[in-house]
Every structure is written in C-alpha cells, then in structure tokens.
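Descriptive structure summary
Spelled out from the first residue to the last, the chains are:
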There are 2 protein chains.
Amino acid sequence: MSKPSLPQGTRDFSANVVRKRNYIFNTIRTVFELYGFQPLETPAMENMETLMGKYGEEGDKLIFKILNNGLGDGETIEKAQAKASKSRTEFEKVLEGKNTKDITERALRYDLTIPFARYVAMNHGQLTFPFKRYQIQPVWRADRPQRGRYREFYQCDADIVGSKTLLNEAELTNIYAQVFNKLGIPVEIRINSRKILAALAELCGGSDKMIDITIAIDKLDKIGLDKVKEELANRGLNAEQVSIIEQYLSINGNNTEKINQLQQLAKDNATAAAGLAEISFVLNYQPEGTAEVCIDFTLARGLNYYTGIIFEIKAKGANMGSIGGGGRYDDLTGLFGVPNLPGVGISFGVDRIYDVMEELKLFPDEVQSGTQVLFFNLGDAECARAFTLAQQLRANGISCEIFHEQMKFDKQFKYAEKKDIRNIVIIGSKELEEGTCTVKNLQSGEQKTIAQTELPSQAF
Amino acid sequence: MSKPSLPQGTRDFSANVVRKRNYIFNTIRTVFELYGFQPLETPAMENMETLMGKYGEEGDKLIFKILNNGLGDGETIEKAQAKASKSRTEFEKVLEGKNTKDITERALRYDLTIPFARYVAMNHGQLTFPFKRYQIQPVWRADRPQRGRYREFYQCDADIVGSKTLLNEAELTNIYAQVFNKLGIPVEIRINSRKILAALAELCGGSDKMIDITIAIDKLDKIGLDKVKEELANRGLNAEQVSIIEQYLSINGNNTEKINQLQQLAKDNATAAAGLAEISFVLNYQPEGTAEVCIDFTLARGLNYYTGIIFEIKAKGANMGSIGGGGRYDDLTGLFGVPNLPGVGISFGVDRIYDVMEELKLFPDEVQSGTQVLFFNLGDAECARAFTLAQQLRANGISCEIFHEQMKFDKQFKYAEKKDIRNIVIIGSKELEEGTCTVKNLQSGEQKTIAQTELPSQAF
C-alpha cells in the first residue's frame, strides 16, 4: 500500500484555515447581499461544448476533462484498467475506433463567468433584469502548480447583467470599498475606462492598434517602461506613436491632475471625453472609509471583452499583485444565442486576500477559536452531570466538549492546551456531591468554584 | 451555436434554493461546532489510487475520472480533439500505445470518508486525538440519474476518530436531535448495534452467516418479511435458522419491551449482552426536544465496516427514506497504512432534508427574503440622494437596491414585485427639496412620508 498523497496543486484546508477563509467569504457575501446581489450555484462539471473555445487556445488546454464512464457497448474504462496491467493490447482495443466524444463529454468549470452566462442564456425568459448574482465556488485549471498558483481555487464574483447605467459601476466600487474596510485591508481601487485606451489608439492613428497597445501597457508593472516601448516598436508602432504612448503613461498626480493632463493630451477626442465622463461619474460616488479610488490610466486588464470602466485592487503595504478586478462588458451571452445583454462584474482574489491578511495580521482573534469549554471527565456519574451542563451551555451557543475518557488530569489539560480550548470545567466527586463545579480560564489562570446552576450564565 | 444545457444529473441552484440549502447547512454546521467538531475541506480531486478499490467493484465504476492534460510527448488530447473531426485515425494515433495511467491519474471524490481517512493518514503525527472533524462538501458519482438521485450532491459528515468511548455515540445522537429540533423536523433516531446482529448470527449457528443475514435484513423495509425469508433460505439458512430470524424481526413495543424480548431470545449470549449494553448507554443520554430515540433491531446498514452502534434517521409524517445515518467502525485509516484508529460518524442527507422541509413547509419566512428595500430612481440628483441613504441603511445591515434607471413608476413597482422586495423608498423632486422620503410597505400597503434623517432608524 502506497503512502497517500494529494494531487499536485491541490490543498487540504484544516480547521483554522477553513475558519479564516470562511471569514473572508462571509464578509464578501454579506456585502454582496447588502447591495441586492443574489446567490447562484452551478455544477462543478459542464458539458464540453459549453466550455471549449471560450478561453482561447491556451485556456482550452487547461480545462480538466472528465472521462466518460462506460466507454460504449459493455466495454468500460474500468475493465480496460483491470486488463491493462495484464496486457496493453486489451486497453488499446477498448479505445480503438473511439473519437473524442466517446472519451470525454464533460469538463470541470474553468471560471464562474461562462457557467453564469450559460445559466442566464438557459433561463433568460424567467429572470428579472437587471439580474444581479453573486457566486462563490471553486474552479479548476490544469496550470503548472507554483507558489500561489493552484489547480483548485475559489472565485468570488458579482455581476449585474441587463443594465447599462454607470450607477452599477459606482455601486461595485463601493462594494470593493466596504468589503476591504470590513476586512481591515487598506486598498487602492484603481479605475480606468477602456474608452480611454481606445482614445489612445485613435491618437496613435488607428483603432486597429488598440489590442497591441493594451497588451503592451498591461505589462508595464512587470517589465517597466523601456521594455513596453520596445514591445510597442516590435508591434509596429512608429517613434511618434510610441512617444504619444509614453506621454500617456507618464500622466501622474491626483485624480484631478490626471484628468487635466489627459484632457491636454487628448483634446477634442470624443472617445476620451466619453471615457472621462464615465470615470468622473464613478468618482462622484466616493465610498466612505479608508479605501481610495484612484484613476490609473496605465490599467489595461488583459481580457478583450471589457468595453468600459475597468477595476483593479491593490493592497497598500503588502507585497502582492492585484487582489481583485473586473469591468464592463457588452455581451455576456451572445455565445449562447442570447445577444444584447451588457453587464459589469467584479471578482475577489480570495487566496491572495488570505495571504495579505496573514501578512498584515488582520484576522480577528475570535475567528481562530474552536471549542470554548472542555469538561473534564472524572467518573461515570461526574461525566453524566457534565453532559447535562454541557447541553445547557450548548443551548446558549457555547461550544463544548466533554473529555472522551476518564484519564489523569494532566492528559486532559494537555488536550485542552493542544486544541487551544481556553476554559475548563471540573466536576469531581466533591463537586458532584456539593452541586458545584470549578471553572478555570487557561489564558488568565483565573479559577473559581461556583454552583452548577450558575454555570450557564457565565461568560466564556 | 447549440442551445446550452446542463450535464445530466447536475443542477443549478438559484437564489431562493441556495438560501434554503444554506439554512440547512448552517444549522448543521452550528450544531457540529457546539459539540466541538472542527471543519475540514479536502480537494475535489484525489489521486486515482486513493479512491480505487475502496467502494467495491460497483463503486469503482461510478467514480468520475479526470483525463490527464497533455497526453505525453507533445501530443495532447486537445490536438487530438482538433484533429478528430478531420480524421479518426489521428485521434487513435494519440491514444496508441498508452496505458490507463497515461490517460487518467486523478478522479473526483466519491464520498467524504475516504478523503478524510487519507487526510488523517497523511497528518496523523500532527493531529490531536480524539480528532473531531466535520466536512460539508459536494461529491460526484456517475450513477444513472433519476428522481432524487444526482451526479453531484453534498454530503454533510461528522466523525470522531481515535476514541472508543460510547460517550461519542451519545453525543452524536444528541447532535441529530438538536439539528432536527432546530430545523423543526420531527424524527425518529433509530439505533441498533452490529453486535446484536452478530449475536443473531451466533444464535443461527455461526458468525459466518453474519453478512448473509445483514444483507437480507437490510432489505426488510423494501421487500417485506416473506421475501426476506425467501432470500435467507436462498442464502442457505435452514428452516430453524429462518425461524429464529423471524422471531428476531418480530420483536416490537417500546424500547424496554424490545430489550426484554431480545434478552428472552438471546439469553446467555455474551455478544447480545454487549450490544444491549451499548444501546442502553446511549439511551441513558436521551436528548431533549421532540426527537425520539428508538431501538430498531431490524436496522442493519449495508456497509460492512460498521462494528458497533449504527444510526438511521426517519422523518415522521413525510414519505421519504432515511435522512441521515452512520455508525461505529474499527479501522478508518488501515488502508492508508495507519492502523488501529477506531471511530464513529454520522451523515446528513441534505437533498432529502430539503425535500422534507418543503413538503412540511418548514422553511422560515426570513430565509426566503432577498433585497429588503428598493429606492426608486427619479432623476440624477434624486438618485444621488437615494444612494447616500442606501449607504446608511446598508451600514445598518439592511439590503438595498437603487433602481438602475430613471423609468416610469410602474416599471419600478413591477421590478420590486417580481423580486419580492417588500419595501420601497421614493424620493422625487418634491421629497428632495423638502428633505423627506416616502416609504411604502408593499405587503401591508402602508405608506408614510418621513424626514430622510429618520430613514435609517426605520424597521424593515
């Protein structure tokens, strides 16, 4: 028998990690709901044709496909597996004459957007628009695992479809602010509009340059200005065009200063004016709290389907890439036969948020506590009494355990210590007789003997 | 482009279903934690060797296997897929000479017990025993889909390993009672001990008959006494033996009466006495509330690994099979090289619990409510004011939406109605000027105009 192991790029989450992750999920969920977003859950597996061709050639390769069970007429992959060890030919025979559809028809979801689009397309007759949904579920990608990159990870999305108003962008900005406020993470909410990038392409002489420019600018953080200029040149932009882009990228200052500089650079360009109007609208709905909304004209977001405002979240004071992002798109469900559904959505990067909160020590103490009270087990009758009292505490919402066996004091103390249980209740023969119990707080060391009837009203 | 669809046997859960399911999950989770169980999450996929051979031959066939991505030397299933439409031979060439391991090395988890065992075996050096974990996650089975049977469904398990005391069984009985009490489902908690069944086999002349007897008795509910007797005869039990089993199965009355009858039938049998001692211990820790703990000597539970107390839950007044079950086992992790870890666990059948709660109309009203307040959108300045007020309500935990566009009253009313939003707040030009707002409860029809400053203190 081999030593058991986990598939590469996957993780077990033990209790204290689950609790911290749930704290993040619950915070996000609560804020989504305060803004009227409703939960949706879709299955882990989708039909192959729902997923394939939606994420580009690279994406298609990273989709986990599921083997059909029962490979046709009585022959199954299981039989083949059983025989394969005996004879390779047997296995080949099973696969012989099969085409892809015989092998795999289903796959694990790669993100939450395509399943959402599939859901909206399938149910659009029944839905009330604008449709506001949030979805918090795992996705799977056959990426090469590396530090911070997993093959199974959660996505946390909120989208509004069927509405064009910028009020949505304003509300999503406020959702970001409110979530990170509650989590205690100081953030910059960086915004731009793809219309500004389109305007830049126009300034460079042609909107056909838009994709080249976007791809190059998107790398600014990683490769620096010189390399971006090089890449632009390689992509066929001339010195004058590169110079305009350089001027664009050097825009700086506060939001007002940036807007003024862009207006200087792009005067009389209608597309730029439209983009600036979008940004100004959103800036008019400034969130309360510590989150800062900053214009970042260098923000591009790789995905080509964005058409308006785009978002990206940067944690201040933590060495970490973006911990959230999103933007407006024109057409969610066209690929599934339901055209003209514009939308806007945001996403939270939970694994990175988790790491930032660990780095900045932001998880509240109470998130990390499991069992609150351990009753010592000191005899049959004593244990039965402990059980009755534990039930009373549980009815009051206090989590309790009764030590499982009658063992020596130090073993029972050790268990409390290892499991970080902060309060113990001792009922020995004397306490049983007197109707009392001894309560000890293991953190403060404080100890007192009280009537058993007083126990349920104690604070733990 | 084809009409999108869902894979057979899988489901989308829309908002009101998610909310009701979460109500069940949260109730179970809360009670698990009150008893000191800690959460664990394991990945959706496990290595093939972790799963295969653990669920019997039938089970192995129902495991969803995941195709390896990148089928060896530069050849990938994706390329094959691309080519397959052109030429079947191309695809065959890719698969040629491959054995099973080249095709699939990972699979989706089939239950939560084996991943738990794998986790304990991998981490047993670090864990504190007794180890109490709960796990609420989906599992996947390639069963033929039918009414009430899905290919993706949640399991909800709590187990204690590393402890032999019956106190665990007593606590698990109380967990069942407390959960169903909270959910409002009247239940019978049926218990038996596999030792009683072992004693029955001894009474029939040999413990080698145990499996035959268990399998036949397990079908009593479905096929009736006559067919059970027939099956026993077919399995080689003689008339005398069948008669003993018939006497056993006819034991009835309340718990005390049943115990007396069994003692009559099995007098001097030490195994029966041991089983009865287990049952009596558990009965001594009667739960409070409406749940009834009943001895059911006909309860067998199909799985062979149970060795002591076994449980099964029946909802009273609902036409539904068991909505929970579990029992004690001797050896969780032996298969993974860590022997001698006994344990006991229970499971909740969430899909069936959901159906029972729907049938008996047990979901509380508040579970089903989404957005609480809709602000009408009646102009730019009015909308901006509405936004400010909405933010104040959200800060108080009230979920709000602002209607997305300036539209006619009746459209905005209709949206509130369709989304079952029960309160609307109207700020028109007059209200804007006067600093007031009109609040209407759409259920009662009650309407009042108040100062905007009073809005945050309203009850919704």
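Residues numbered from 1 in each chain as written. Chains lettered and ligands numbered in written order. Predicted model: local features only at pLDDT ≥ 70, side-chain atom pairs only at ≥ 80, totals over all residues. Heavy atoms only, no water.

For clarity, the cut-off: UniProt positions are given in the numbering used here, feature names are shortened, and annotations may be inferred rather than shown by experiment.
Per an unreviewed UniProt entry, chain A is named Histidine--tRNA ligase, and its organism is Filimonas lacunae. In its Sequence similarities (unreviewed entry) section, the UniProt entry covering chain A states "Belongs to the class-II aminoacyl-tRNA synthetase family." Of the comments in the UniProt record for chain A, the one headed Subcellular location (unreviewed entry) reads "Cytoplasm".

**Let's talk about the relation of the copies chain B and chain A**
Quick reminder of the rule: Least-squares superposition aligns the copies on the C-alpha atoms of those residues with pLDDT at or above 70 in both.
Expressed as a screw transformation, the operator carrying chain B onto chain A has a rotation angle of 180° and an axial translation of 0.0 Å, and the superposed copies differ by an RMSD of 0.0 Å. Accordingly, the operation relating the two chain copies is best matched by a two-fold axis. No C-alpha of chain B lies nearer the rotation axis than that of Ile66 of chain B, which sits 2.2 Å from it.

**Examining the environment of Gly162 of chain B**
We count it as follows: A run of DSSP states H or I qualifies as a helix once it reaches four residues; a run of E qualifies as a strand once it reaches two. Both are numbered from the N-terminal end. Only heavy atoms matter for contacts: two residues are in contact if any of them lie within 4.5 Å across the pair.
Looking at the secondary structure, you find Gly162 of chain B in the loop between strand 6 (152-161) and helix 8 (167-183). For the pair Gly162 of chain B and Gly343 of chain B, spaced 181 residues apart in the sequence, the C-alpha separation amounts to 6.0 Å. Gly162 of chain B has contacts with His404 of chain A together with Phe129, Pro130, Leu341 and Pro342 of chain B, leaving out every residue within four places of it along the chain.

**As for the confidence of the model for chain A**
Residues and elements named next belong to chain A. Note the threshold: pLDDT is defined as a per-residue confidence score from the predictor, taking values between 0 and 100.
Confidence along chain A averages 91 in pLDDT terms, with 92% of residues attaining 70 or more. Below pLDDT 50 for its whole length, residues 71-76 participates in twelve contacts with residues either more than four positions away or in separate chains. We note a pTM of 0.92 for the whole complex and an ipTM of 0.91 for its interfaces.

**Brief notes about unusual backbone geometry**
A cis amide bond, omega -5°, links Phe129 of chain A with the succeeding residue Pro130 of chain A. Relative to the helices and strands, Pro130 of chain A resides in the loop between helix 7 (113-123) and strand 5 (131-140). Unlike most non-glycine residues, Asp268 of chain B shows phi in positive territory, near 70°. With respect to the secondary-structure elements, Asp268 of chain B resides in the loop between helix 13 (255-265) and helix 14 (270-284). One non-glycine residue, Asp420 of chain B, lies in the positive phi region at around 55°.

**Re the sheet that holds strand 6 (residues 152-161) of chain A**
Residues and elements named next belong to chain A. Note the cut-off: For two strands to count as paired, DSSP must find a minimum of two bridges between them. To get an axis, fit a line to the C-alpha atoms, keeping to the stretch in contact for a helix; angles then go from 0 to 180 degrees between the N-to-C directions.
Read from one edge of the open sheet, eight strands run 1-5-6-11-10-9-7-8, paired in mixed fashion. The strands lining the two open edges of the sheet, one partner per strand, are strand 1 (38-39) and strand 8 (292-295). Of the strand pairs in this sheet, strand 10 (residues 324-329) and strand 11 (residues 343-348) are connected by six bridges, and their pairing is antiparallel. Across the sheet, Gly327 pairs through a bridge with Gly345, a residue of strand 11. Across the sheet, helix 7 lies against strand 5, strand 6 and strand 10, angled at about 135° from strand 5, the strand it touches most.

**A look at the sheet that holds strand 5 (residues 131-140) of chain B**
Pairing in this open sheet of eight strands is mixed, and the strands run 1-5-6-11-10-9-7-8 (chain B) from one edge to the other. Unpaired on one side and paired on the other, strand 1 (38-39) and strand 8 (292-295) of chain B mark the two borders of the sheet.

**As for the UniProt feature "binding site: L-histidine" (unreviewed entry) in chain A**
Residues and elements named next belong to chain A. Put simply, the test is: Within 3.5 Å is the distance limit for a polar contact, defined as a pair of N or O atoms, with the added protein rule that one can donate a hydrogen and the other accept it, and that residues adjacent in sequence qualify only through two side-chain atoms.
According to UniProt, the "binding site: L-histidine" (unreviewed entry) feature falls on Asp111, Leu112, Thr113, Arg141, Gln155, Asp159, Arg301, Tyr305 and Tyr306. Along the chain, the position of Asp111 falls in the loop between strand 4 (104-108) and helix 7. Discounting residues that sit within four places of it in the chain, Asp111 has contacts with Tyr55, Val139, Arg141 and Gln155. Within the structure, the side chain of Asp111 is placed 3.2 Å from the backbone nitrogen of Thr113, a separation counted as a polar contact.

**Brief notes about the pairing of strand 6 of chain B**
Residues and elements named next belong to chain B. Let me state the cut-off plainly: To sort residues, take the accessible area from a 1.4 Å probe on protein chains only and compare it with the maximum for the residue type: under 20% means buried, over 50% means exposed, and anything in between is partly exposed.
Counting buried positions along strand 6 gives nine out of ten residues, so the element sits mostly inside the fold. One ladder, built from ten bridges, connects strand 5 with strand 6; its direction is antiparallel. What sits directly across from Tyr134, in strand 6, is Ala158. Sheet topology places strand 6 next to strand 11 (residues 343-348); six bridges connect them, and they run antiparallel. Within the sheet, the bridge partner assigned to Ala158 lies in strand 11 and is Ile346.

**Examining the packing of helix 8 (residues 167-183) of chain A against helix 16 (residues 380-395) of chain B**
Keep this limit in mind: Working rule for angles: under 35 degrees goes down as roughly parallel, over 145 as roughly antiparallel, 65 to 115 as roughly perpendicular, anything else as oblique. Crossings are classed by handedness, with left-handed meaning an anticlockwise turn of the near helix from the far one by less than a right angle and right-handed meaning a clockwise turn. Think of it as three bins: nonpolar holds Ala, Val, Leu, Ile, Met, Phe, Trp, Tyr, Cys and Pro, charged holds Asp, Glu, Lys and Arg, and polar takes everything else, Gly as well.
At a closest axis distance of 13 Å, the pairing of helix 8 of chain A and helix 16 of chain B adopts a crossing angle of 25°. Compared by their axis directions, helix 8 of chain A and helix 16 of chain B come out roughly parallel. Seen along the crossing, helix 8 of chain A lies across helix 16 of chain B with a hand that is right-handed. Facing Leu167, Glu171, Asn174 and Gln178 of chain A of helix 8 of chain A, the residues of helix 16 of chain B in contact are Cys383, Phe387, Gln391 and Arg394 of chain B. Residue composition of the contact of helix 8 of chain A with helix 16 of chain B, grouped by class: three nonpolar, three polar and two charged.

**A look at the pattern of salt bridges**
Residues and elements named next belong to chain A. In plain terms, the rule: Salt bridge, as used here: a side-chain nitrogen of Lys or Arg that lies within 4 Å of a carboxyl oxygen of Asp or Glu.
Inspection of the entire model under this criterion finds 46 salt bridges over all chains. Note that Lys430 is salt-bridged to Glu434, the shortest N-O span being 3.9 Å. Highlighted residues: Lys430 and Glu434, both in helix 18 (residues 429-434), separated by four residues, approximately one helical turn. For Glu434, a relative accessible area of 48% gives the class partly exposed. In the salt-bridge network here, residues are joined through shared partners; they are Asp212, Lys219, Glu231 and Arg235.

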